[in-house]
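Topology and contacts: notes
Chain by chain, the residues run as shown.
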Amino acid sequence: MLFLRRALSKMSKFQSISTYTNVEEEYKLLPFRFSELDADKYILTNIAGEYYSLKKNKLSLLVNHSLKSDDEDYINLRAKQFLLDSQNEIALELLALKVRTRYSRLAEFTGLHIFVVSLRCDHSCPYCQVSRQSEDKAAFDMTIEIADKALDLVFCSPSQAIKIEFQGGEPLLNFELIKHIVNAAKTRNEIEKRELDFVIATTLALIDNEMLLFCKEHHIHISTSLDGPQDLHNKNRPRQGRDSYEKAIKGIELSREILGKDRVSALMTTTQDSLERVKEIIDEYLGLEFEGIFLRQLSPYGFAMKTKSFMTYDSEKWLEFYKEGINYIIELNKNGIRFQEYYASTILTKMLTCDDPGFVDLMSPSGIGIGAIVYNYNGVVYASDESRMLAEMGNDTFKLGHVLENSYEEIILSDALLNPIEESFTLSVPMCTDCAFEPFCGSDPVYHHAMSKDFVSRKPESGFCKKNMGIFKYLINLMESDPYTKKLFHRWANRI
């Protein structure tokens, strides 16, 4: 007690006035990029993908270390790790944690393995990205030998989550091989203990009860194509009998009846005839009780190039279509109808969370090979589905090897894969490295090679850049201008 009294007696009753004086301290800037968002604002992003919109006159204050600590922008920028002062000493640790989380998927490596079990198809779509073959050409079917060798490669991947997707042509034309692959993969997985999923990408025109009962037994998902209302779908996806839409709807209903609604999804492709009908297309999906839609642009591969379907509209026209669709979907949600656009959801996950959903086109380094890989019907291995389509046009740039001739190591370490990945790493690509939207974007060396014979192309001329930058700016502006939309987009990003 005596010690305590002596200590207290030496203490002043009050601290000096300087203790309570608000003295501006020097802050440090953490790495960030900025790009113009609109006439009044810049968008700032850091290496973890955090973004912040800032008035143009405030940027000079920030970079000149003149922003006041009680300014709302200062407080928000500090919270998002754009600047560092004594009140956020753990900012660097938080930033590092967010970056590690964002790139954690790379360590998992290839999770999606696409088996092209047949090039035969019963449809003759003018925008088809594949060089399809007629139904009677069995020489274009994958063999059991090739399928088994491809499975060897699948289980060489270190990924604990393996998804095998069956594509074509029309994969149902070689359904016996699908059954073999599913059974063989599940047998191997009794030892491997991976998280194993299967998807069949089909028009559903040939689906029947026997096939669906097999799918139910093995928990196989169905992914189909639906371009919109009956007249539009039948025009976009013609088949003998002119009943593509009717077959698709019947197939969707039968698949849902046997598998359940959650195991059946659909994908649309935008043609010139679709551009004025986005609300009708969305209404078609709503009428069939789908929970969302992927508004997909045409790609420059296969028959889409041969028939010049790809050239019928440009990125600007497609962006008008896309924005109209997003606006309509927002209005639907405001009216109590839950519905989403899946490409926007993927982008928003990158914008508003530390997660990277692993969408191949929006990965950096590029997701070809390391995000998805393709085993063609003839045993040739390609870096992506688009790589296979490009090869059908005579361009083998992204051919990685052959399942009967090359080992897993030879395929994954081939120059055909490593060179485009290295060259298209967005953190080192001219213009990408300085772009504020880089954390949300990705790299598509296959698209750029198809368009300009170059893995990265000139960014001012890139349709890929124009499309994605237009979407990024639009989504951010929508969140900035409407609190409801911001809340809705957070829900999409977090899959709520």
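Residues numbered from 1 in each chain as written. Predicted model: local features only at pLDDT ≥ 70, side-chain atom pairs only at ≥ 80, totals over all residues. Heavy atoms only, no water.

Side note on the overall build of the chain
- Helix and strand content of the chain: 20 helices and 15 strands.
- For the chain, the proportion of its 496 residues judged to be buried stands at 55%.
- Long-range pairs, those at least 24 residues apart, make up 69% of the contacts in the chain with a sequence separation of at least 6. (Helix = DSSP H or I, 4+ residues; strand = E, 2+ residues; numbered from the N terminus. Buried < 20%, exposed > 50% of the residue type's maximum accessible area, 1.4 Å probe, protein only. Contact = heavy atoms within 4.5 Å.)

Concerning the sheet that holds strand S13 (residues 372-375)
- The sheet built from eight strands is open, its strands ordered S10-S9-S8-S7-S6-S13-S14-S15 with mixed pairing. Looking at which strands have only one partner, the edges of the open sheet turn out to be strand S10 (264-267) and strand S15 (399-402). Between one strand and the next, the sheet's axes are offset by a mean angle of 25°, whatever the strand orientation.
- Bridge count for strand S8 (residues 195-201) against strand S9 (residues 220-225) is four bridges, and the pairing is parallel. The residue bridging Ala-201 from the neighbouring strand is Ser-223, located in S9. (Pairing = 2+ DSSP bridges. Axes fitted to C-alpha atoms, helices over the stretch in contact; angles between N-to-C directions.)

Description of the pairing of strand S3 (residues 41-46)
- Pairing analysis gives five bridges linking strand S2 (residues 32-36) to S3, with the strands arranged antiparallel. Residue pairing across strands places Phe-34 opposite Leu-44, the latter belonging to S3.
- The turn joining S2 and S3, which pair antiparallel and follow one another in sequence, is formed by four residues.
- Note that S3 and strand S4 (residues 51-55) share five bridges and pair antiparallel. Each residue of the ladder has a partner; that of Lys-41, found in S4, is Lys-55.
- The antiparallel hairpin formed by S3 and S4 contains four residues in its connecting segment, where Gly-49 sits at a positive phi of about 95°.

Brief notes about the packing of aromatic side chains
- Enumeration over the complete set of coordinates arrives at 18 aromatic pairs.
- A ring pair is formed by Phe-32 and Phe-82, whose centres lie 6.1 Å apart and whose planes are at 65°; its orientation type is edge-to-face. Of this pair, Phe-32 sits in strand S2 while Phe-82 sits in the loop between helix H3 (72-79) and strand S5 (83-84); the two residues are 50 residues apart in sequence, bridging distant segments of the chain.
- Overall, Phe-82 belongs to the buried group, its relative accessible area being 1%.
- When the ring of Phe-115 is compared with that of Tyr-375, the centres are 5.2 Å apart and the planes differ by 55°; the resulting orientation is tilted. With a gap of 260 residues between them, Phe-115 in strand S6 (residues 112-116) and Tyr-375 in strand S13 connect regions that are remote in the sequence. As far as burial versus exposure is concerned, Phe-115 and Tyr-375 are alike and both buried. (Phe/Tyr/Trp six-rings, centres within 6.5 Å; stacked < 30°, edge-to-face > 60°.)

Looking at the sheet that holds S3
- Spatially, the three strands line up as an open sheet ordered S2-S3-S4, and their pairing is antiparallel. The sheet is open, and its two edges are formed by S2 and S4, each paired on a single side. Neighbouring strand axes in the sheet, compared pairwise and without regard to direction, differ in orientation by 30° on average.

Observations concerning unusual backbone geometry
- Here the residue pair Gly-168 and Gly-169 is connected by a cis peptide bond, since its omega of 20° sits within 30 degrees of zero.
- The residue Gly-169 is located in the loop between strand S7 (161-167) and helix H7 (175-192) in this model.
- At the junction of Ser-364 and Pro-365, the peptide bond is cis and its omega measures out at 0° in the coordinates.
- Within the secondary structure, Pro-365 is located in the loop between helix H14 (342-352) and S13.
- With a phi close to 60°, His-65 is a non-glycine residue in the positive phi region.
- Inspection of the secondary structure puts His-65 in the loop between helix H2 (56-63) and H3.
- Phi is positive for Lys-453, close to 60°, though the residue is something other than glycine.

Things to note about a negative patch on the surface
- On the surface, a cluster of negative charge is contributed by Glu-276, Asp-314, Glu-316, Glu-320 and Glu-324.
- For Glu-276, a relative accessible area of 72% corresponds to the exposed category. (Patch = residues over 30% accessible without salt bridge, like charges linked within 9 Å, V, L, I, M, F, W, Y side chains within 5 Å. Areas by Shrake-Rupley, 256 points an atom, 1.4 Å probe, with all protein chains shown as cover. Salt bridge = Lys/Arg side-chain N within 4 Å of Asp/Glu carboxyl O. Lys, Arg positive; Asp, Glu negative; His and termini not counted. Charge placed at Lys NZ, Arg CZ, Asp CG, Glu CD.)

Some words on the packing of helix H11 (residues 278-287) against helix H13 (residues 315-334)
- Between H11 and H13, the least distance of the axes is 9 Å, while the angle of their chain directions is 45°. When the axes of H11 and H13 are compared, the pair comes out oblique. As for how H11 packs across H13, the hand of that crossing is right-handed. Contact residues: Val-278, Lys-279, Ile-281, Ile-282, Asp-283 and Leu-286 in H11; Phe-321, Glu-324, Gly-325, Tyr-328, Ile-329 and Leu-332 in H13. (Parallel < 35°, antiparallel > 145°, perpendicular 65-115°, else oblique. Left-handed = near helix turned anticlockwise from the far one by under 90°.)

What to know about the pattern of salt bridges
- Under the definition given, this model contains 23 salt bridges.
- With its nearest N and O atoms 3.9 Å apart, the salt bridge here joins Asp-356 to Lys-350. Neither Asp-356 nor Lys-350 differs from the other in exposure class; each is buried.
- Arg-495 is the salt-bridge partner of Asp-355, the closest N and O atoms lying 3.6 Å from each other. Taken together, the positions of Asp-355 in the loop between H14 and S13 and Arg-495 in the segment after helix H20 (483-493) put the pair 140 residues apart, joining distant regions of the chain.

Examining the packing of H13 against helix H19 (residues 463-481)
- The contact between H13 and H19 brings their axes to 10 Å, and the two run at 30°. When the axis of H13 is compared with that of H19, the two are roughly parallel. Viewed along their axes, H13 and H19 form a crossing whose handedness is right-handed. Across the interface between the two elements, Ser-315, Glu-316, Trp-318, Leu-319, Tyr-322, Lys-323, Ile-326, Asn-327 and Ile-330 from H13 touch Gly-463, Lys-466, Lys-467, Gly-470, Ile-471, Tyr-474 and Leu-478 from H19.

Structural notes on helix H6 (residues 144-154)
- Listing the buried residues of H6 in full gives Ile-146, Ala-147, Ala-150, Leu-151, Leu-153 and Val-154. Looking down the long axis of H6, one finds its buried residues gathered within 155° of arc, a one-sided arrangement.
- Buried residues in H6 make contact with S6, S7, H7, S13, strand S14 (380-382) and helix H16 (408-412). (Arc of directions from axis to C-beta.)

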